[in-house]
Amino acid sequence: MSPPISSSSDVIDFVVHKGNGVKGLVDTGLETVPEPYIQPLEERLDPTKFQPENFIPIIDVSNWDDPKVVDSICDAASKWGFFQIVNHGVPLEVLENLKSAAHSFFQLPSEERKKYLKENSPSEAVCLCTSFSPQAEKVLEWKDFLRLSWVSEDQASAFWPPVCKEEALEYVKKVELVTKRLLEALLKRLGVKEIDKTTEYKLMASPILSLNYYPCCPSPELTAGVGRHSDVSTITILLQDDTGGLYVRGTSEDSWIHVPHVTGALVINIGDVLQIMSNDKYKSIEHRAIASRSKNRVSIPFFVNPGSDATIGPLPEVLASGETPIYKHVVFSDYFKHFFSKGHDGKKTVEFAKI
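These numbers were taken from a predicted model, which means no experiment stands behind them.

Caption draft 1: The overall build of the protein chain, seen in detail. When you go through the protein chain residue by residue, the secondary structure sums to eleven helices and 15 strands. A compact globule built from 355 residues would reach a C-alpha radius of gyration of about 20 Å, and the protein chain, at 20 Å, matches this within 12%. The C-alpha extent of the protein chain, read off along each of the three principal axes, is 65 × 45 × 35 Å. Counting over 355 residues, the protein chain shows a buried share of 55%. Relative to all contacts within the protein chain whose residues are 6 or more apart in sequence, the contacts with residues 24 or more apart total 76%. Only carbon and sulfur atoms are counted for the fraction: they give 51% of the accessible area of the protein chain, which is about 15,400 Å². Side-chain charges of the protein chain comprise 38 positive and 48 negative groups, with the mean position of each set lying 2 Å from the other.

Dropping the structure here:
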């Protein structure tokens, strides 16, 4: 089943409109990157701009209640917006099983995968997508992803794909505990003594687990697996495989730092929501990803999002001392829609909420 890829419109039709994704495109045996995926020079990752990997902190959280652990988390969130945690309580077997399950889903026959496209999916709790926002992007990204919205165990059991359902459920239940401990630590420094139900809704009411799949790419240096962006979440908890390919914005202008794979670790990054709520005390950092020439890469972010109708803005505790707010209050669903109304464009989304 080789598509006629003689034109960009044929590629877009095959990948996007017919729902084959970039996985389907690669399965046709293509040997060069099609035009719709070739990034302009200024958006390609420049190897001369790399900084050393040891900049990204790795924090042992085996004792969450240790004030030094709390300080390490808050300091990393303030300075970097990105860090890794180890000894977090999610067993290695659960992590490995989930990565295997992600591969299993994308190895399903095309017609099986297509059952979860938006127009076919049995529920909004599951949706197979490609690139980032294909209708709004100038250049497509070399990625397919299965979006699993976490509402309840009953809904997940009913609608998530059987090939990855048990592994994803097991992981989500474990990582929810990690989420709560991280947010407790981060909000403590902001003066929030207790996360009540209202605050919890504004922080973590609508999480999404995304199984991201980056098939082998003939020329990864020409493409973006994920373009430059910061997440619109409160925080993101990422499980990455050992392929490599995640980069975060470095300290010097236009520099990038590779986030190395650490066995058993979870990568944490601050999202725009927490940057807004903290009035810039914490920062969501720009990051990007590239595919591999030789391996199919998976990465699995757990996006900890507010409820869709939650209003986000600087927390009262942050402004209690008379600090001037940098951000207005916005409804999260409006912020989320704005993010997807355009291609990835670095840190520009947060301007939507600025006063």
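Having seen the model, we can carry on.
Caption draft 2: Region of interest: the nonpolar core. Formed by 75 residues in total, the largest nonpolar core has its most connected members in Ile73, Leu146, Trp160, Tyr171, Leu211, Ile237 and Leu266. Considering every element that reaches this core, the biggest residue donor is helix α7 (residues 165–189), with eleven residues. When neighbours within four sequence positions are excluded, Leu146 is seen to be in contact with Phe105, Phe106, Tyr116, Val126, Cys127, Leu128, Pro161, Cys164, Leu209, Ser210 and Leu211. Listed in part, the 16 residues of the second largest apolar core include Val16, Leu140, Trp142 and Ala289.

Caption draft 3: Spotlight on the sheet that holds strand β10 (residues 256–258). Taken in spatial order, the five strands of this open sheet run β1-β10-β9-β12-β7, and their pairing is mixed. Sheet topology places β1 (50–51) and β7 (226–229) at the edges, where each strand pairs with a single neighbour. Bridge count for strand β9 (residues 246–249) against strand β12 (residues 287–289) is three bridges, and the pairing is antiparallel. Residue pairing for β12: Leu246 is matched across the bridge by Ala289.

Caption draft 4: The environment of Lys193, seen in detail. Summarising the element assignment, Lys193 is placed in the loop between α7 and α8 (197–204). Given the relative accessible area of 82%, Lys193 is considered exposed. In this structure the C-alpha to C-alpha distance between Lys193 and Glu317, which are 124 residues apart in sequence, comes to 9.4 Å.

Caption draft 5: Examining helix α1 (residues 8–17) more closely. For α1, the full list of buried residues reads Val11, Phe14, Val15 and Val16. Each buried residue of α1 lies within a common arc of 165 degrees when the element is viewed along its axis, so the set occupies one face. Those residues of α1 that are buried are in contact with α2 (21–27) and β4 (126–130).

Caption draft 6: Spatial organisation of the packing of helix α4 (residues 92–106) against α7. Running from N to C, α4 and α7 cross one another at 140 degrees; their axes reach a closest spacing of 9 Å. Classified by the interaxial angle, the pair formed by α4 and α7 is oblique. For the pair α4 and α7, the crossing hand works out as left-handed. Contact residues: α4 offers Val94, Leu95, Asn97, Leu98 and Ala101, while α7 offers Glu167, Ala168, Glu170 and Tyr171.

Parameters at a glance
Residues numbered from 1 in each chain as written. Predicted model: local features only at pLDDT ≥ 70, side-chain atom pairs only at ≥ 80, totals over all residues. Heavy atoms only, no water. Helix = DSSP H or I, 4+ residues; strand = E, 2+ residues; numbered from the N terminus. Rg over C-alpha atoms; globule rule 2.2 N^0.38 Å. Buried < 20%, exposed > 50% of the residue type's maximum accessible area, 1.4 Å probe, protein only. Contact = heavy atoms within 4.5 Å. Areas by Shrake-Rupley, 256 points an atom, 1.4 Å probe, with all protein chains shown as cover. Lys, Arg positive; Asp, Glu negative; His and termini not counted. Charge placed at Lys NZ, Arg CZ, Asp CG, Glu CD. Core = buried A, V, L, I, M, F, W, Y, C linked by side-chain atoms within 4.5 Å. Pairing = 2+ DSSP bridges. Arc of directions from axis to C-beta. Axes fitted to C-alpha atoms, helices over the stretch in contact; angles between N-to-C directions. Parallel < 35°, antiparallel > 145°, perpendicular 65-115°, else oblique. Left-handed = near helix turned anticlockwise from the far one by under 90°.

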